[in-house]
Structures are given as C-alpha cells and as structure tokens.
Amino acid sequence: MPKGQIRKALSGFYYVLDENGERYIQCRGRGVFRNRQISPLVGDFVDYEADNDLEGTITVVHERKNELVRPPISNIDQAILVFSAKQPDFHPLLLDRFLTAIEQHGIKPVICLTKMDLLKESEKGKLEHFIADYEKIGYEVIPTFKGDPSLQERLMPVLEGKISVLAGQSGVGKSTMLNTILPALELKTDDISKALNRGKHTTRHVELIEVNNGLLADTPGFSSFDFDTIEKEELSGCFPEMAERSNSCKFRECLHLNEPKCAIKAAVEANEIPEYRYKHYLKFLEEIMSRKPRYTND
Ligand SMILES: Nc1nc2c(ncn2[C@@H]2O[C@H](COP(=O)(O)OP(=O)(O)OP(=O)(O)O)[C@@H](O)[C@H]2O)c(=O)[nH]1
Ligand SMILES: [Zn+2]
C-alpha cells in the first residue's frame, strides 16, 4: 500500500504527497473513518489506494504524535509564538497561557518578539529581562522587527525539517514577519500551487507550505484558551523550570501551593524561578480548580 502525508485539505479532498515527495494524490477518506469519527487531518501520515497517478483513497491514518483543533493539523513539532514588544505591549501572562497550552500538546514553543523597533531606550531593559528569563527556562527567543535583515538567517534554521504552526494575537506582526522572509517562502508556495494544478486559493482551507525541508501551516493557531482539557496535576509539567524541580518536592503529588518542603516555592524564594511565572502558575491552577466538571457521554 503506498504511503504519504496529507499536505492540504480542501472541499472534502485530501492532497497526499507520496512517499518520494514527487506528486500529490487527490484522495477521499474511506467511509470507515467517518463511522469511527476519525477524520483525516493535514499532517497525517497515511496509507492510500491509488486509483491512478493522481487520485486515490486514504485507507489508514497512522497514529498521531499530537493534533490541534485550530488549525486542524496533526504531528506538529513546534509552535512559533509571535508576541510584540509594543502595540500591543508585551504580555507575559498571555505568553504563559500560550506556552502552557503548547507544552500540554507536546509541541515545542519558539518565541518571536516583534516590533522591537518601537521600544524606547528606557523600555529596553525591562524587555531584556523577560528575554533572559525565558531563555533561562530553555526557550529560544527571537527578537525582531519589520524588515529585519537578519530574521531569515535566524528563523529558517528553526523551521528546518519541522512541522511548525504560527500563533499569536491579531496585530502582533505575524504576516509582517513572514513577509520579511518571503523570498524563501514564496517560491515554495508557488511550487505547491503548480503541483496541485491550482491557481491561488480562495476557499478557506489548511495547507502546509514547504519551507527549508520543513512545513509551515498557512493558518495561525491557538487564538484563545481556557485550559479545558488540562488537569491540575499536569499543570506544573507545562512549566519546564517547575517540571525539572518537582521531583525534589517532599510530596509526590505536590501542587506547589501550601505543601511543606516544596522545591518550587523554595526556588521562587531563591529567585531561581521568576515570581511572575509562579504567580501565573497559581492563577492557571485556580482556573483549572474552579472549572466546572465536564460531562461526556463516553
Ligand atoms: N513598527 C513596527 N510595526 C510593525 C512591525 N511588525 C508589524 N508591524 C505593524 O503592525 C501591524 C500588524 O501587523 P501584521 O503583520 O498585519 O499582524 P498579524 O499578526 O499578521 O495580524 P493578523 O493578520 O490580524 O493576525 C501592521 O500595521 C504592521 O505594519 C514591526 O516590527 N515594527
Ligand atoms: Zn512542590
């Protein structure tokens, strides 16, 4: 059975790039998927039956590493989180919300800080502190601005060989960022359009664009969060600086609230964990604990 990866979904068809990366097969999903409520997703590795060189039917969807609802994509390696330094002002609470949700999905976050040119001299120090904090946690932070001549050489290696999704509030500069590195992107977008024998798309759809041997979703994701699916015991696992210390807490189930001999609270007091990160953790924990129970039928 030939294998491939779904690169695009449009009007009930899935465009599967064959294993050799040579051509796109326009596929329908087999009826059985609908019965089992599995719907193929862009990003899925699949088996398909070829009717001819160009058309076929997806028969097997292979196990997913992860999946997102917005945009509907599976097997995502990383999320490029775009936040602006100004207009809107840098917002660590919102960043931590995004980071938590992304970590929960097992996706690696990369932080891009746009509009660095709008910062006054007097405002730069504060932002540099935040950058240092997030880098210390282990996140890659890419400060940038419109037309940044060095963005391409910093961002392209990040995208190399990965499936990436762009995320961030409206107006933070996501399109501007992509435009800045457009010479590298545009070529590949055209390649895909040609391969699919279509002009520029007008319908809403999801597509993975080839970038530097990797794939970038053309639709941004993670527009809002409510911690709907995260459990309180899982939360500190989404804060890497807490996850790496929580084995040292006296209690295995420590929620790092008021428990004695808590390694996390000790690290906050010792300024090893920034206080605002811990406060955000507490805020999210409270949101999770005051969430109404969810009732499901299954
Ligand atoms: N000064 C300055 N302005 C910027 C920068 N990046 C983006 N802008 C401006 O910010 C506005 C929003 O930028 P966009 O790139 O459209 O933002 P977006 O994140 O794609 O927004 P949505 O499409 O709504 O999601 C535009 O007016 C840009 O010109 C920057 O680095 N510096
Ligand atoms: Zn603890």
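Residues numbered from 1 in each chain as written. Chains lettered and ligands numbered in written order. Predicted model: local features only at pLDDT ≥ 70, side-chain atom pairs only at ≥ 80, totals over all residues.

Under an unreviewed UniProt entry, the name given to the chain is Small ribosomal subunit biogenesis GTPase RsgA, and the organism recorded is Planococcus glaciei. Checking UniProt for the chain, the heading Subunit (unreviewed entry) contains the comment "Monomer. Associates with 30S ribosomal subunit, binds 16S rRNA." (UniProt positions renumbered as here; feature names shortened; annotations may be inferred.)

The next subject is the overall build of the chain. The helix and strand tally for the chain stands at 10 helices and 13 strands. Taken over 298 residues, the chain has a buried fraction of 34%. (Helix = DSSP H or I, 4+ residues; strand = E, 2+ residues; numbered from the N terminus. Buried ≥ 20, exposed ≤ 12 C-beta atoms within 10 Å, placed from the backbone.)

Around ligand 1, 14 residues are found, and the nearest of them are Ser170, Gly173, Lys174, Ser175 and Thr176. Considering every element that reaches the shell around ligand 1, the biggest residue donor is helix H5 (residues 174-180), with three residues. Taken together, the residues of the shell around ligand 1 sort by class into three nonpolar, seven polar and four charged. (Near = placed C-beta within 6 Å. Nonpolar A, V, L, I, M, F, W, Y, C, P; charged D, E, K, R; others polar.)

In this section: the nonpolar core. Judged by nonpolar contacts, the single largest core of 52 residues is most densely connected at Val16, Leu81 and Val82. Built from parts of two domains, this core gets at least three residues from each of domain 1 (3-64) and domain 2 (73-217). Apart from residues no more than four positions distant in its own chain, Val16 is found in contact with Gly4, Gln5, Ile6, Tyr24, Ile25, Cys27, Val46, Tyr48 and Ile58. Judged by nonpolar contacts, the second largest core, of 13 residues, contains Cys249, Cys254, Val268 and Phe284. (Core = buried A, V, L, I, M, F, W, Y, C linked by C-beta atoms within 7 Å. Domains from an automatic or database assignment. Contact = placed C-beta atoms within 7 Å.)

Quick look at the confidence of the model for the chain now. Within the chain, residue pLDDT values average 87, and 88% of them lie at 70 or more. Predicted confidence for residues 191-203 stays below pLDDT 50, and this span has 13 contacts to residues more than four positions away or in other chains. Model confidence for the complex is summarised by a pTM of 0.86, with the ipTM given as 0.97. (pLDDT = per-residue confidence, 0-100.)

For the pair helix H2 (residues 92-104) and helix H10 (residues 275-289), the least separation of the axes is 10 Å and the interaxial angle reads 65°. Note that H2 runs across H10; the crossing there is right-handed. Contacts between H2 and H10 involve Pro92, Leu93, Asp96 and Thr100 from the first element and Tyr276, Arg277, His280 and Phe284 from the second. For the contact of H2 with H10, a count of residues per class yields four nonpolar, two polar and two charged. (Axes fitted to C-alpha atoms, helices over the stretch in contact; angles between N-to-C directions. Left-handed = near helix turned anticlockwise from the far one by under 90°.)

For the chain, the domain assignment lists domain 1 (3-64), domain 2 (73-217) and domain 3 (232-289). Taken together, the contact between domain 2 and domain 3 spans nine residues of the former and nine residues of the latter. Put simply, the parts of the chain that give the side of domain 2 that touches domain 3 at least two residues each are H2 and helix H3 (121-137). Per-element tally for the side of domain 2 that touches domain 3: the top contributor is H2, with six residues. Taken together, the residues that form the side of domain 2 that touches domain 3 break down as three nonpolar, three polar and three charged.

With that settled, the discussion passes to the environment of Asp51. Among the structural elements, Asp51 can be located in the loop between strand S4 (45-50) and strand S5 (55-61). A count of 13 C-beta atoms within 10 Å places Asp51 in the partly exposed class. Sequence separation of Asp51 and Cys27 is 24 residues, and the distance between their C-alpha atoms is 9.4 Å.

A word on the environment of Ile6. With respect to the element layout, Ile6 can be found in strand S1 (residues 3-10). Here Ile6 falls in the buried class, since 27 other C-beta atoms lie within 10 Å of it. On a C-alpha basis, the gap between Ile6 and Pro40 in space is 8.2 Å, while along the polypeptide they are 34 residues apart. For Ile6, the contacting residues outside a window of four places in its chain are Tyr14, Tyr15, Val16, Pro40, Leu41, Val42, Gly43, Asp44 and Val46.

Before going further, it helps to spend a moment on H3. Taking 1.5 Å as the rise per residue, H3 with 17 residues should run 24 Å; its terminal C-alpha atoms sit 26 Å apart, in good agreement. Within H3, only one of the 17 residues are buried, which leaves it mostly out in the open. Within two residues after H3, Gly138 carries a phi angle of roughly 120°, on the positive side. (Expected span 1.5 Å × (residues − 1).)

So, on to the pairing of strand S3 (residues 24-29). Sheet analysis places strand S2 (residues 13-18) next to S3, joined by four bridges and oriented antiparallel. Across the sheet, the residue bridging to Tyr15 is Gln26, located in S3. Between S2 and S3, which pair antiparallel one after the other, the connecting turn spans five residues, and Gly21 there sits at a positive phi close to 65°. Both S3 and S5 contribute to a ladder of four bridges, which runs parallel. Each bridged residue has a counterpart across the sheet, and for Gln26 the counterpart in S5 is Glu55. (Pairing = 2+ DSSP bridges.)

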